[in-house]
Amino acid sequence: MTQRMPAEAGLLQLPGAVPAWIWAFTCPTPGCECREATVLWTGGDRETLLARGGSVRDAWLDAKSCVRAAAKLEGVTTFAIDIDEGAVLDIHDSDAYAELDLERYPEARDVVRRIDGEVLDALGRLWYRGKGWPDPEEKSRSAPKIAIDEWRPGELVGWGEALEGVRQDFFRLGERVFEAVDLYCVAPGCDCGDVVVDFAPVAPNGAPAPGGVRVAGSGEVTFERADENQRERLERLWAAFVARHARFRERFARRSAVMHSLAGRIVAAQRRGFEHTTPKVGRNDPCPCGSGKKFKKCCEAT
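Residues numbered from 1 in each chain as written. Predicted model: local features only at pLDDT ≥ 70, side-chain atom pairs only at ≥ 80, totals over all residues. Heavy atoms only, no water.

What am I meant to see in the side chain of S256 here?
When you line up the elements, S256 lands in helix α9 (residues 248-262). Given the relative accessible area of 14%, S256 is considered buried. Sequence-distant contacts of S256, that is, excluding residues within four places in its chain, are made with Y184 and V195. (Helix = DSSP H or I, 4+ residues; strand = E, 2+ residues; numbered from the N terminus. Buried < 20%, exposed > 50% of the residue type's maximum accessible area, 1.4 Å probe, protein only. Contact = heavy atoms within 4.5 Å.)

Here's what the structure looks like:
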């Protein structure tokens, strides 16, 4: 592990006027697909965090269970967080983590409120680095061509379609799980700045799509393709999205610039002969096998 990444790579500064830090550790086992990160917090001070979290760092470097080491720390708030969904898990409860009751742990609640979408993205990059794997977004940026299934010139392109993102942006409403997919205009010469956030159903399999939200370059927000039965759900999803991505306009502007830089390399993927006789499944659609994963990360990859 010492050759893969620096021991302090998981030190992340949180957004906010007052400087604050967390120390995060992701699973280093290459064959393990768990998507949690163990998080340490000591009130925001970086040096105190380094001093008190050293035993967890040592356990992580030795490829031992940093979770067990973190659970025993004095003067340190510890929990696990799902990188894709943002759910906060109690590492002290059991091997199968239960969701942490933030009302009972106000010290954890305060830090969790500062973990936004940018921090979750940083945890996604850390997850790849911890396994010794290349950052998939950087790998995609260097590709000579970016082939996207069922895409035609003039259509919007999803960030995850073009760049194979470091995480999936999941949101849970009761028993239903949705993925927020941000789509960008890559038409040559277009400077509209519009971004559409589609909320694609992930579970249960076959659930109806609630629609999407268009954010204009001017900042105006409009709801699209939401019928009366889905409107409330779409509004709740958008509220959750804004809570996670409070700086969404800056995020979209930054990502739009990247997508325009890739536009000349985006092409429609050539369909294989056998696909004409099988049902069409988009790479970002839920996998037909019912796993809850995207098709591109499940059966298409086998």
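On we go.
What is the right way to read the state of the cysteines from this model?
Cysteine pairs can be linked by a disulfide, which is a covalent bond between their two sulfur atoms. Tallied over the entire structure, the rule returns zero disulfides. In this model C34 remains outside any disulfide bridge; the closest cysteine sulfur is found in C32, 3.4 Å from its own. Just so you know, C185 is unpaired, no disulfide at all, and the nearest cysteine sulfur is the one on C190, 3.5 Å from it. By relative accessible area, which is 14% here, C185 ends up buried. (Disulfide = S-S within 2.5 Å.)

Help me understand the nonpolar core, please; the structure alone is not making it clear to me.
It is characteristic of soluble globular proteins that their nonpolar side chains tend to be buried jointly. Judged by nonpolar contacts, the single largest core of 28 residues is most densely connected at V157, F199, W238, F241 and F252. Among the elements that take part in this core, α9 stands out by supplying five residues, more than any other. The next biggest cluster of nonpolar side chains, apart from the first, holds 26 residues, and it includes L12, L14, A108 and V112. (Core = buried A, V, L, I, M, F, W, Y, C linked by side-chain atoms within 4.5 Å.)

Looking at this structure, how should I read the environment of G117?
Inspection of the secondary structure puts G117 in helix α5 (residues 117-130). Among the residues examined, G117 registers a relative accessible area of 1% and is labelled buried. In this structure the C-alpha to C-alpha distance between G117 and F248, which are 131 residues apart in sequence, comes to 9.0 Å. Those residues in contact with G117 that sit more than four places away from it in its chain are R244, H245 and R251.

Got a minute to help me understand the packing of aromatic side chains in this structure?
Centre distance and the angle of the planes are the two values used to describe a pair of aromatic rings. Scanning all chains against the criterion turns up 14 aromatic pairs. Residues F199 and F241 carry aromatic rings whose centres are separated by 6.4 Å and whose planes lie at 85° to one another, so their mutual orientation is edge-to-face. Separated by 42 residues along the polypeptide, F199 in strand β11 (residues 195-203) and F241 in helix α8 (residues 228-244) bring together distant segments of the chain. Lying across the ring of W21, R46 places its NZ or CZ 5.2 Å from the centre. (Phe/Tyr/Trp six-rings, centres within 6.5 Å; stacked < 30°, edge-to-face > 60°. Lys NZ or Arg CZ within 6 Å of the ring centre and 35° of its normal.)

Hey, could you run me through unusual backbone geometry in this one?
Generally, phi is negative for residues other than glycine and the peptide bonds are trans, each holding for most cases. Residues A203 and P204 are joined by a peptide bond in cis, for which omega reads 0°. Examined against the element boundaries, P204 turns out to sit in the loop between β11 and β12 (212-215). One non-glycine residue, E150, lies in the positive phi region at around 60°. Inspection of the secondary structure assignment puts E150 in the loop between β7 (146-148) and β8 (157-158). The phi dihedral of E164 falls on the positive side, at around 50°, and the residue is not glycine. Among the secondary structure elements, E164 is positioned in the loop between α7 (159-163) and β9 (170-173).

Remember that the coordinates give geometry; whether it matters functionally is a separate question.
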